[in-house]
Amino acid sequence: MSCPCNCCKSPFRTCFFIALVAFAGGILNAHGQFAIPALTPVFLNICMIAAAIWLAPLMGEPVTALAWGVFAAGIVQLLFQLPSLMRLGLMPRPRLGFDDSGVKRIISLMLPAIFSVSVTQINLLLDTLFASFLTVGSVSWLYYSDRLVEFPLGILGIALATVILPNLSKSHAAEDTAAFSSSLDWGLRLVVLVGLPATIGLVMLAEPMLSTLFQYNEFGVSDVHFAGKSLKAYSLGLLSFILIKVLVPGFTSRGDMKTPVRYGVYAMLVSLGLNLVLVFPLAHAGLALATSLGTFFNAALLLRKLQKDNVYQPASGWWLSFARISLAAGAMSAGLYYFVDPAWWNDWSSSERVINLVKWIGIGLVIYAATLLLTGLRLKHLTGRMR
């Protein structure tokens, strides 16, 4: 949860409740309680909508109402999680304890852990810096592209990382290497299963999505075209973005914070070098492509290290699973490529754009799911080990 503006009178109190909500959610996730933390962000939207409708008209600066809505949401979200903590007997008693060995250990592990999962965001910041020297509009094109890539990344990547980390930690604590490897294998297969169609959808429907969401007023047809180039480039790295979210817990759950940080630095250097190479022929799209290639390099290093240390060994059936998914992805790509013309969206009204975008997203998913079913994928493969 983050404040949408800079007008909050006291950012400390807002961040205070944000931190408590995240802390409570982490406790619940560690004990296998995923539903309550997953529902908690809904209250942010409710409070912000309520503030915009009822509070904004009463204030001298209407936008300030959104800041107060975020503050109220923090309180509501925390109260929503407290009953679950009470039922588990895990209500913490606030007290200072910086000398506690556990607190010291968490502080020492926190910064490396934050950096290891934030490499992508740092690369995006560097992209923005480079784009500021390019054609006017480049920063905006990258920004809008990033927003669309962050949507599936936030839903799929964060969800998978949240679910898999407690299982990995428990398996490591129990010294059950087979269960640890199996959990990672399940996570990686699920990444490919859901990440590949998300990537294809973003690539094949890049301009229709941008047109539907942003082509109004000052954001014109040319902006959709140029933003579409960077969106396609970013989308090519979506799979690796999500893979990193699953692979990093394979290290952090074992207390290894240094390896993801080291590989993250390597990936940043690779992305920086590729920025210098690709920005000249591809302009802002080259910056996006460099970030995508850098994340693939990062994911490859992480996966190779896990296999080299015998922490992860792929289970049987990977090639069959990958063949099924690739065939379904190919069918989805072909359907969207041959039957969708991005130019249609330029002449439609906003409602027509929305209706047709939803229609083609649905058709693409139907093609993907139907092909998977025809090649032998069943529901049991999604809840257990895929064969």
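This text goes with the structure placed above it.
Each residue is numbered by its place in its chain's sequence as written, counting from 1. The predicted origin of the model limits local features to residues at a pLDDT of at least 70 and limits the giving and counting of side-chain atom pairs to 80 or more, whereas totals for whole chains, interfaces and linings rest on all residues. Hydrogens and waters are ignored; side-chain quantities use all the structure's heavy atoms.

S.K.: I'm lost on the pattern of salt bridges in this one. Help?
M.R.: Side-chain pairing between opposite charges can occur once the charged atoms of the two side chains come close. By convention in these notes, a salt bridge is any Lys or Arg side-chain nitrogen within 4 Å of a carboxyl oxygen on Asp or Glu. One pass over the full model with this rule turns up three salt bridges. Of the charged contacts, one joins Asp146 and Arg147 as a salt bridge, the two residues approaching to 2.9 Å between their closest N and O atoms. Three labels apply to residues, based on accessible area from a 1.4 Å probe with only protein chains included: buried if under 20% of the type maximum, exposed if over 50%, partly exposed otherwise in between. Owing to a relative accessible area of 12%, Asp146 belongs among the buried residues under this scheme. The class of Arg147 is partly exposed, set by a relative accessible area of 40%. Notably, a salt bridge pairs Lys305 with Asp309, separated by 3.5 Å at the nearest N-O pair.

S.K.: For this particular structure, what's the right way to read the packing of aromatic side chains?
M.R.: We describe a pair of aromatic rings using the distance from one ring centre to the other and the angle between the two ring planes. Side-chain rings of Phe, Tyr and Trp, where Trp is taken by its six-membered ring, are said to pair if the distance between their centres is within 6.5 Å; with planes under 30 degrees apart they count as stacked, over 60 as edge-to-face, and otherwise as tilted. Going through the model one piece at a time under the given rule, you end up with 14 aromatic pairs. Consider the rings of Trp68 and Phe71, whose centres lie 5.7 Å apart with planes at 75°: the pair is edge-to-face. Of this pair, Trp68 and Phe71 both sit in helix H4 (residues 64-87), three residues apart, which is roughly one turn of the helix. Judged by centre distance (5.2 Å) and plane angle (85°), the ring pair of Tyr337 and Tyr338 falls under edge-to-face. For the pair shown, Tyr337 and Tyr338 are each scored as exposed. Counting every residue linked through ring pairs, the aromatic cluster contains Phe16, Phe17, Trp68 and Phe71. Here a strand is any run of E in DSSP of at least two residues, a helix any run of H or I of at least four, and the numbering for each starts at the N terminus.

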